[in-house]
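If you want the building blocks of each chain, they are given just below.
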Amino acid sequence: MLRGRRGECAELDTLLKRVRGGESRALVLHGEHGVGKTALLEYLAERAPGMRTVRITGVPSETELAFAGLHRLCTPLSDGLAALPAPQREALHAALGLSSGRAPDRFLVGLAALGLLAEAARERPILCLVDDVQWLDQASVQALAFAARRLRAESVALVFAAREPGDELAGLPEMAVTGLSDEDARELVRTSMPGTMDERVLERFVAETRGNPLALLELPKEATLKYLAGGYGVPDIGALASRLQVSYQRRVEELPERTRRLLLVAAAEPGGRPVLLWQAADRLGIGIGAASPAVEARLVEIDDRVRFRHPLVRSAVYWSASPEDRRATHRVLAEVTDPEHEPERRVWHAAQGAEAPDEEIAAELERSAGRARARGGLAAAAAFLARAVELTPDHVRRQQRALAAARATHQAGSPDTALRLLSVAEAAPLDQGRRAQVELLRAQIAFTTDRGREAPRMLLDAARRLAPQDPALARETYLEAVSAALFAGRPDGGAAGEVEAEAARSAPPPPEPPRPADLLLDGMVLRITEGLAAGVPALEAAMRIFRGPGLPEEDGLRWLWPAGVMAAALWDLETWDVLAARHVRLARECGQTTALPLALTQRVAVEVFAGDLANAEGLVEEVATLSEAIGSPAPPYGALLVTAWRGRGAEGAALSGTVAAEAARRGEGNGLTVGAWAAALLANGLGHHEEALAAVPEAGEDRPADVGSAPWALVEYIEAAALSGAPERAAAALRRLAEVTVPAGTDWALGVHARSQALLSSGSAAEDRHREAIELLGRTGVRGELARAHLLYGEWLRRERRRRDAREELRTAHESFTVMGMEAFAKRAARELVATGESVRRRPGEAASELTPQEAQIVRLVREGLTNPEIGARLFISPRTVEWHLRKTFGKLGITSRKQLQRGSAPGGLLVEGER
């Protein structure tokens, strides 16, 4: 056991015991230089006989080479690649440069790394040690952190060591490695320093090093005899890391000049490959014997790898050399690095060795950026382009590359760095075309960082400037502006997208034939500026293209969200269903993980209107799982809708409050609109009609209805006004509703309109409209709205004292709401049934209620026919974790086979809710 590390060693022993028992564990060791993180990793390796140990260490000069660390980790495990699902295998092949193709999604690469570890652990448990995380390339850290968060039951331990946990590793279990206790620190110094040290000096060392083991071992060697004897000298411990580096630097400076030059080559070559070291040394005229003094001084080891005693030794060697010596070393390393197999590493050395701007190197860096991007290494692509900018002699090309570097940096998730690179592009005068591209990228960065504020206006400015230079791009930018405005809404109460759509009327004419984006833009502009009646022909033409088989993938991924919004505006559930399903499918197939939460959220809305709350709830859980996995906030709108239709008052109120506060903070009017609609829907379901009126007061105003959820808020307002005894308050809302339902002309639109008319009518007119609503909605898939039509008709019949007729409608409503899991509406129908003199039976509880959310998700996916690897890919867990969940699920449900689960033959009628 390590001296002074009893507690830490005991915790690591427990980790190994759990992993040997079939569990998986991730852990982040963090602490300052020299505190003992690497020693704890070595302790783990020594204590893991029978386990397969894979270890990598980050090095500073490798930080810009995409997936370099992951490549080193995966190489020993490559036998398991064939067992991965095809999308994961292809993503990992592309990331590691083993094949070409579409740039892989970084989260799919992380899932592939998880799968590879899980496959390797089928033979024996895996111990994966990752040292000096701060020097690993960003793409590798992201992939490994993703895998670590998804570990469950694979018999894998993934242990990181870093100075600070950092954003990428945030949320993983941590162990803070601190200095030794005073007693252990004193014993370490006494053991390592022969002879007697003055006690006052010893206490001073212990206090000033804060028990840092490396400092306790190294700094006394630097102290003078006078100081060690009685503490009369001035120690000047200073900042610990820099003091240690100075200590190593002095020891390096004592070495022969040829040894220092050889160490500089080793420090500049991140791979630690002896062959490359000796090839470079040969070019520099340095013999093999030059290594001996450094090895004897215990600064470096050279066997199958070149290893420095500590990263600070590498740093001391590299930075103590003169700039010219460093550049010369990199130039030699560029000469001996294989340009065919390692072109990125070769050009990176060449770039570090450049003494002045060099177009040839800059151009090669640009090509390397393209290769890095194709492997999904956006951060590496950005780094290559940024260095290319520095080495470009021509100012026009420098602007072009700075703009490309800014774009790549933005895509890599570093908006602040992207804005700095845009400033480089603007350092010299820009022509109109590049000025427009700069403004467009600024606007896109603004939309990414703060969707609710300035992005629509900035996109409009960019579109106007692009119009004379690039009409096609200008039209796309106008569409981005309108879409961003619809997403943001208008927190001041104005019509969402009105300003942007009016400006887009002056967009350049579309090309012939028009592209999908052109048709969508024209339809959206007409809908927003002139009303739905004017926009229907253009929107229907756009819907045919977006539904059709010839839609290009890129157009689908980029525009299916606003196209889905327009399908909903047309009250066309069938088209909305097709578009939402296509968006999710494309995002999955193309590995666009970051696009999935929004695509799935729109899919949730479709399922909710279809009355499949069980499916919708599963998708909400998938959105939460996915968002957690990629480290982004989960879009709350799907959860909000499900909660409202479920009728869960306390949960809905809390969620609505959270959404409203966040939307107000970001200036996102769309969030406020959706939250208000959901609150009104929930209140109507509970029978709290005054609360529903208060939730959407703007629905009573006499102005055109917005695109999006605003028309559905009108429906809730009309019902609430009618049932709270104030039908006159709903007159304006009914006029506004007619403007967005009658022109649409679908059974859904006309059925909801007829139902709303019935609420504000009396006598035979009311009954005719109720019957019309049921007939129209009965021809659609909007089961919740149909059940509400039966409920409202039944309530009206009861008030008309026609109890027998009322019972029939209310019974139909109650049964429908109960099957769909719309609890509040079901209770409202039950109350009405009781008022007619009929008793209401409770449904028996379901065995599925015992399942955790993730177990319920897995059951749903099994019933859809997915295999364990496919379920793992969907939920971002390994197939072995799926197996583990299924074993638990079988026990809870009292079944023994997958076939029973697929048939739904578990006790209690497993997952009856939501079936059609």
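Residues numbered from 1 in each chain as written. Predicted model: local features only at pLDDT ≥ 70, side-chain atom pairs only at ≥ 80, totals over all residues. Heavy atoms only, no water.

Next up on the list: the overall build of the protein. When you go through the protein residue by residue, the secondary structure sums to 46 helices and 7 strands. By the burial criterion, 55% of the 916 residues in the protein qualify as buried. Long-range pairs, those at least 24 residues apart, make up 69% of the contacts in the protein between residues at least 6 apart in sequence. For the protein, the exposed area adds up to about 37500 Å²; of that, 50% sits on carbon and sulfur atoms. (Helix = DSSP H or I, 4+ residues; strand = E, 2+ residues; numbered from the N terminus. Buried < 20%, exposed > 50% of the residue type's maximum accessible area, 1.4 Å probe, protein only. Contact = heavy atoms within 4.5 Å. Areas by Shrake-Rupley, 256 points an atom, 1.4 Å probe, with all protein chains shown as cover.)

Its place among the elements puts Arg314 in helix H15 (residues 311–320). The buried charged residue Arg314 lacks any salt bridge partner; its closest oppositely charged side chain belongs to Glu269, at an N-O distance of 7.1 Å. Looking at Arg314, its side chain comes within polar contact range of the main-chain oxygen of Ala266, at 3.2 Å. Not counting chain neighbours up to four residues away, the residues in contact with Arg314 comprise Val59, Pro60, Ala266, Ala267, Glu269 and Phe308. (Lys, Arg positive; Asp, Glu negative; His and termini not counted. Salt bridge = Lys/Arg side-chain N within 4 Å of Asp/Glu carboxyl O. Polar contact = N/O pair within 3.5 Å; in protein donor to acceptor, adjacent residues only side chain to side chain.)

Turning next to the side chain of Ser483. Inspection of the secondary structure assignment puts Ser483 in helix H24 (residues 471–488). When sequence neighbours within four positions are dropped, the list of residues in contact with Ser483 reads Met524, Trp561 and Pro562.

What follows is about helix H16 (residues 323–336). Side chains three or four residues apart in an α-helix point the same way, a direct result of the helix having 3.6 residues per turn. Counted at 1.5 Å a residue, the expected span for H16 with its 14 residues is 20 Å, and the 20 Å between its end C-alpha atoms agrees. Every buried residue of H16 is accounted for by Arg326, Thr329, His330, Val332, Leu333, Ala334 and Val336. (Expected span 1.5 Å × (residues − 1).)

Contact geometry of H24 with helix H26 (residues 516–530) gives a least axis separation of 10 Å together with a crossing angle of 45°. Judged by the inter-axis angle, H24 sits oblique to H26. Seen from above, H24 lies across H26 with left-handed handedness. Within the contact between the two elements, H24 uses Arg475, Tyr478, Leu479, Val482, Ser483 and Leu486 and H26 uses Ala517, Asp518, Leu520, Leu521, Asp522, Met524 and Ile528. The residue inventory of the contact of H24 with H26, partitioned by class, reads 9 nonpolar, 1 polar and 3 charged. (Axes fitted to C-alpha atoms, helices over the stretch in contact; angles between N-to-C directions. Parallel < 35°, antiparallel > 145°, perpendicular 65-115°, else oblique. Left-handed = near helix turned anticlockwise from the far one by under 90°. Nonpolar A, V, L, I, M, F, W, Y, C, P; charged D, E, K, R; others polar.)

Look at helix H12 (residues 257–268) against H16: their axes get within 10 Å of each other, and the N-to-C directions meet at 65°. For the crossing formed where H12 meets H16, the hand is right-handed. Contact with H12, carried on its side by Leu264, Val265 and Ala268, involves Asp325, Arg326, Thr329, His330 and Leu333 of H16 and no other residues of that element.

What follows covers the pairing of strand E3 (residues 126–131). Counting buried residues in E3 gives 6 out of 6 residues, a clear majority hidden from the surface. Tracing the backbone out of E3, into helix H6 (residues 138–150) and back to the parallel element strand E4 (residues 156–162) gives a crossover that is right-handed. (Right-handed = clockwise from strand over helix to strand, strands pointing away.)

With that settled, consider the sheet that holds strand E2 (residues 52–57). Within the open sheet, the 5 strands sit side by side as E2-E3-E4-E1-E5. Their pairing is parallel. The two strands at the open ends of the sheet, each matched to only one other strand, are E2 and strand E5 (174–176). For this sheet the average axis-to-axis angle between neighbouring strands, irrespective of direction, equals 15°. Bridging between strand E1 (residues 25–30) and E5 involves 3 bridges; their strand directions are parallel. Each residue of the ladder has a partner; that of His30, found in E5, is Ala176. Its contacts with the sheet put H6 on E1, E2, E3 and E4, and the angle it makes with E4 is roughly 135°. (Pairing = 2+ DSSP bridges.)

We now examine the confidence of the model for the protein. Looking at the protein as a whole, the pLDDT averages 85, with 90% of positions reaching at least 70. Here residues 906–916 scores under 50 on pLDDT; set against residues more than four positions off or in separate chains, the count is 39 contacts. (pLDDT = per-residue confidence, 0-100.)

A word on the pattern of salt bridges. Per the counting criterion, the structure on display carries 63 salt bridges. Here Arg779 makes a salt bridge to Asp747, at a shortest N to O gap of 3.2 Å. With Arg779 in the loop between helix H39 (763–778) and helix H40 (783–799) and Asp747 in helix H38 (residues 747–759), this pair connects stretches of sequence that are 32 residues apart. Between Arg802 and Asp805 there is a salt bridge, and its shortest N-O distance comes to 3.3 Å. Accessibility expressed as a relative area gives 35% for Asp805, which makes it partly exposed. One connected set of salt bridges, linked through shared partners, spans Arg475, Glu476, Glu480, Arg515, Asp518, Asp522 and Arg558.

Now for unusual backbone geometry. As a rule of thumb, non-glycine residues mostly have phi less than zero, and peptide bonds are mostly trans rather than cis. Glu512 connects to Pro513 through a cis peptide bond whose omega is -5°. In this structure, Trp571 is a non-glycine residue whose phi angle is positive, near 55°. Along the chain, the position of Trp571 falls in the loop between helix H28 (553–569) and helix H29 (573–589). With a phi close to 65°, Arg801 is a non-glycine residue in the positive phi region. Mapped onto the secondary structure, Arg801 falls in the loop between H40 and helix H41 (803–820). Take Arg801: its relative accessible area is 75%, and that puts it in the exposed class.

Looking at the secondary structure, you find Ala362 in helix H18 (residues 359–374). Judged by relative accessible area, Ala362 falls into the buried class, the value being 0%. A C-alpha to C-alpha distance of 9.9 Å links Ala362 and Arg397, two positions 35 residues apart in sequence. Ignoring sequence-local partners within four residues, the contact set of Ala362 consists of Ala388, Leu391, Thr392 and Arg401.

Moving on: the environment of Glu203. Positionally, Glu203 belongs in helix H8 (residues 199–209). Owing to a relative accessible area of 34%, Glu203 belongs among the partly exposed residues under this scheme. The spatial distance from the C-alpha of Glu203 to the C-alpha of Asp182 is 8.4 Å, given a sequence separation of 21 residues.

A word on the packing of aromatic side chains. This structure, assessed with the given rule, holds 14 aromatic pairs. Consider the rings of Phe609 and Trp748, whose centres lie 5.2 Å apart with planes at 55°: the pair is tilted. On the criterion of sequence distance, the pair formed by Phe609 in helix H30 (residues 596–609) and Trp748 in helix H38 is long-range, its members being 139 residues apart. Of the residues examined, Phe609 reaches a relative accessible area of 2% and is grouped as buried. By the ring-pair criterion, three or more aromatic residues cluster together here, those being Trp571, Trp576, Phe609, Trp677, Trp712 and Trp748. (Phe/Tyr/Trp six-rings, centres within 6.5 Å; stacked < 30°, edge-to-face > 60°.)

This part is about H39. The end-to-end C-alpha distance of H39 is 23 Å, a good match for the 22 Å that 16 residues give at a rise of 1.5 Å each. Of the residues making up H39, those classed as buried are Ala766, Glu767, His770, Ala773, Ile774, Leu776 and Leu777. For H39, the elements touching its buried residues are H38, H40 and H41.

What follows is about the environment of Ser292. You can see Ser292 is positioned in helix H14 (residues 292–296). Judged by relative accessible area, which is 35%, Ser292 ranks as partly exposed. Along the chain, Ser292 and Thr259 lie 33 residues apart, while their C-alpha atoms are 8.0 Å from each other.

By definition, a disulfide is the covalent link that joins the sulfur atoms of two cysteine residues. Inspection of the entire model under this criterion finds 0 disulfides. Cys74 carries a free sulfur, and the closest cysteine sulfur to it, the one in Cys128, is 8.7 Å from it. Take Cys74: its relative accessible area is 3%, and that puts it in the buried class. (Disulfide = S-S within 2.5 Å.)

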